[in-house]
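Each chain, written out:
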Amino acid sequence: MKNIFFVGTAGSGKSTLVGAYKQWLDDAGVDCIAVNMDPGAETLPYEPDIDIREWINLAEVMEEYSLGPNGAQIVAADLMAVNIRKMIEVLSTYVTDYVLVDTPGQLELFAFRESSNLTVNAFGKEDSMLAYLSDPSLCRTPNGFISAMTLGALVQFRLQIPMINLLSKCDTLTEDDQQRMLDWYSQSDALYGDLLDADSDPQSVVGIELFKAMENMGVFGGIRAVSAEAWMGLEDIYAASQLTFFGGEDNERE
């Protein structure tokens, strides 16, 4: 089985996309399961097959450690690593093609704590990839776009597994706005030109330096426009995962 970790900033649409993509795979006849790794999730737009909330309850963490919601989220993130063996034992009972992992709403709680590496290793690092969701509300300006791109690069650097970039909630964008953001990612000269046009903004200087760093790292390339509401781009996620895991060939489970 292959694991896709859906990551992104709070509100970027991870859970909604996991639900839509799971339904799309089911309709396409591709066997998959959904795993919720967010102990603070109150409701989910899908029925998780495995749910971290069976082992970690945020309200109980708050009470036991006398913490507020933010502190409890941090402790819960570390407790995930403590309980990961139990989750993997349940996961091992499934025979499936894809495991869709819905990560915590706060990106930093998953990507920037040591528990994240422990979690990915437990699932199987060699059989895992990231689907990084960029929130279009953050990406509307050149500086905001650079910020989102930098954050995505840091997440991949931390976890050291393949990653596909997704521009989420594209149904909320005009065609012109969507195309501009896609061009920024695939045509670095377009982004650089827009950054220069914003040179009256002191932040643009930092943005240009970050742009140069990202360009030197080879971050620019393809990004896929997706929408859970409009079922847009879901086939692109499948094609990208097939390319990552199987070189583009359809997986045939024995």
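Note: the structure precedes this text.
Here's what I pulled together on the structure shown here.

**Structural notes on the overall build of the protein**
- A tally of helices and strands in the protein yields 10 helices and seven strands.
- In terms of overall size, the protein behaves like a compact globule, its C-alpha atoms giving a radius of gyration of 19 Å where 254 residues would be expected to give roughly 18 Å.
- For the protein, buried positions account for 50% of its 254 residues.
- Sequence-distant contacts in the protein: of pairs separated by 6 or more residues, those separated by 24 or more amount to 74%.
- Taken as a whole, the protein presents about 11900 Å² of accessible surface, with 48% of it coming from carbon and sulfur.
- Positive and negative charge centroids in the protein, built from 15 and 40 side chains respectively, lie 5 Å apart.

**Points about the pattern of salt bridges**
- Tallying each qualifying case throughout the model produces seven salt bridges.
- One salt bridge connects Lys2 with Asp127, and the closest N-O pair in it is separated by 2.7 Å. Here Asp127 lies in the loop between helix H5 (114-123) and strand E5 (128-134) and Lys2 lies in strand E1 (residues 2-8), a separation of 125 residues in the sequence.
- Among the salt bridges present, the one from Lys212 reaches Glu209, with a minimum N-O distance of 3.8 Å. Of this pair, Lys212 and Glu209 both sit in helix H9 (residues 202-217), separated by three residues, roughly a single helical turn.
- Taken together, the shared-partner salt bridges connect Arg140, Asp177 and Arg180 into one network.

**Details of unusual backbone geometry**
- Non-glycine residue Ser66 carries a positive phi angle of around 55°.
- The residue Ser66 is located in the loop between helix H2 (58-65) and helix H3 (69-91) in this model.
- The exposure class assigned to Ser66 is exposed, which follows from its relative accessible area of 67%.
- Even without being a glycine, Trp231 presents a positive backbone phi close to 50°.
- With respect to the helices, strands and loops of the structure, Trp231 is situated in the loop between strand E7 (224-225) and helix H10 (234-246).

**Points about helix H8 (residues 188-197)**
- Where H8 is concerned, the buried positions are Ser188, Leu191 and Leu195. All buried residues of H8 fall inside an arc of 65° around its axis, so they share one side. With respect to the buried face of H8, the exposed residues turned more than 90 degrees away are Asp189 and Asp197.

**Details of the side chain of Asn3**
- On the secondary structure map, Asn3 appears in strand E1.
- Relative accessible area serves as the criterion here: at 1%, Asn3 is assigned to the buried category.
- Non-local contacts of Asn3, meaning those with residues more than four positions away in its chain, are made with Val99, Phe123, Gly124, Asp127, Ser128, Met129 and Phe245.

**Quick look at the sheet that holds strand E4 (residues 98-102)**
- The strand order across the open sheet formed by seven strands is E3-E2-E4-E1-E5-E6-E7, and the pairing between neighbours is parallel. Strands with a single pairing partner mark the edges of an open sheet, and in this sheet they are strand E3 (50-51) and E7.
- Pairing analysis gives two bridges linking strand E2 (residues 32-36) to E3, with the strands arranged parallel. Its bridge partner lying in E3, Asn36 is registered against Asp51.
- Taken strand by strand, H5 contacts E1, E2, E4 and E5, and its axis lies near 155° from that of E1.

The rules behind these values
What you see as residue numbers is a count from 1 along each chain, following the sequence as written. pLDDT decides what is reported in this predicted model: residues at 70 or higher carry local features, side-chain atom pairs at 80 or more are listed and counted, and totals for whole chains, interfaces and linings draw on all residues regardless. With hydrogens and water stripped out, all remaining heavy atoms of the structure feed into the side-chain values. Labels follow the DSSP assignment, with helices taken as runs of H or I lasting at least four residues and strands as runs of E lasting at least two, numbered in each case from the N terminus. Our radius of gyration is a C-alpha quantity, and the globule rule it is checked against amounts to 2.2 Å times the number of residues to the power 0.38. The rule is simple: take the accessible area with a 1.4 Å probe, protein chains only, and divide by the maximum for that residue type; under 20% is buried, over 50% is exposed, in between is partly exposed. Here, two residues are considered to be in contact whenever any of their heavy atoms come within 4.5 Å of each other. Surface exposure here means Shrake-Rupley accessible area, sampled with a 1.4 Å probe, where a residue is shielded only by the protein chains that are shown. His is not counted here, nor are the chain ends, while Lys and Arg score as positive and Asp and Glu score as negative. Every charge is mapped onto a representative atom, which is NZ of Lys, CZ of Arg, CG of Asp or CD of Glu. In the sections that follow, a salt bridge refers to a side-chain nitrogen of Lys or Arg positioned within 4 Å of a carboxyl oxygen of Asp or Glu. The arc under discussion is defined with respect to the helix axis, by the directions toward the C-beta atoms. In this analysis, strands are considered paired if DSSP registers two or more bridges between them. Note on geometry: axes are C-alpha line fits, over the in-contact stretch for helices, and angles between N-to-C directions span 0 to 180 degrees.

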